[in-house]
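Architecture at a glance
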Amino acid sequence: MDDSQRRLIKDLEEMGDRWMKDLQQLSQRWFDAFQKEMGKWTQDLLKDAFDPARMMEFLRSMGLDPSRLAGMVGQQPGFDPYQVLGLDKSATDEEVKKRFRQLMFKLHPDQAGIEGTAFLTQMMLAAYKMIEIQRGW
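Presented here is a report on the structure given in the accompanying data block. (Residues numbered from 1 in each chain as written. Predicted model: local features only at pLDDT ≥ 70, side-chain atom pairs only at ≥ 80, totals over all residues. Heavy atoms only, no water.)

Now for helix H5 (residues 93-107). In this model, H5 (15 residues) spans 21 Å end to end at C-alpha, consistent with the 21 Å of a helix rising 1.5 Å per residue. Those residues of H5 that sit buried are Val96, Arg99, Phe100, Leu103, Met104 and Leu107. Take H5 and look down its axis: the buried residues cluster within an arc of 130 degrees, on one side only. Exposed and facing more than 90 degrees away from the buried side of H5 are Glu94 and Phe105. (Helix = DSSP H or I, 4+ residues; strand = E, 2+ residues; numbered from the N terminus. Expected span 1.5 Å × (residues − 1). Buried < 20%, exposed > 50% of the residue type's maximum accessible area, 1.4 Å probe, protein only. Arc of directions from axis to C-beta.)

Next up, the structure:
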């Protein structure tokens, strides 16, 4: 390997490091905005005769464990896309893709039958995109 190839590799590594740092900062800003929006969304739902039991049933029907969602909002630093999708980090590529398709079908505003799922759809898209980047798809 000659000097120009070594320099190119070093430049690419530095660029990757900068991108990861930028992505982490963006992720934190997105997570902060997510927390704020979820608070507003929850208040809006509760003020309009929101039925918590129905919401829990809805979350369970999507295959989400509501007890895990509490840890996602405001109690963990950063944004864990695997937790958003209800998966472990050890999930295979096919498991991630299958789970994403399942949730998107159930969360799509035209399918869900409950108002407010547009934001959840955006959350799932962001989680999937982060996993795509991490895994290099």
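Between its first and last C-alpha atoms helix H7 (residues 117-135) spans 27 Å; for 19 residues at 1.5 Å apiece the expected length is 27 Å, and the two agree. Where H7 is concerned, the buried positions are Thr117, Phe119, Leu120, Thr121, Met123, Met124, Ala126, Ala127, Tyr128, Met130 and Ile131. Of the residues flanking the end of H7, it is Gly136, one or two places downstream, whose phi is positive at about 70 degrees.

A few words now on the packing of aromatic side chains. Taken as a whole and judged by the stated rule, the model has four aromatic pairs. An aromatic cluster is built from Trp30, Phe31 and Phe34, whose rings are joined through pairwise contacts. (Phe/Tyr/Trp six-rings, centres within 6.5 Å; stacked < 30°, edge-to-face > 60°.)

Here Ser27 is to be found in helix H1 (residues 3-47). Residue class for Ser27 comes out buried when judged on its relative accessible area of 12%. When neighbours within four sequence positions are excluded, Ser27 is seen to be in contact with Phe79 and Met130. (Contact = heavy atoms within 4.5 Å.)

These results come straight from atomic positions and should not be treated as a statement about function.
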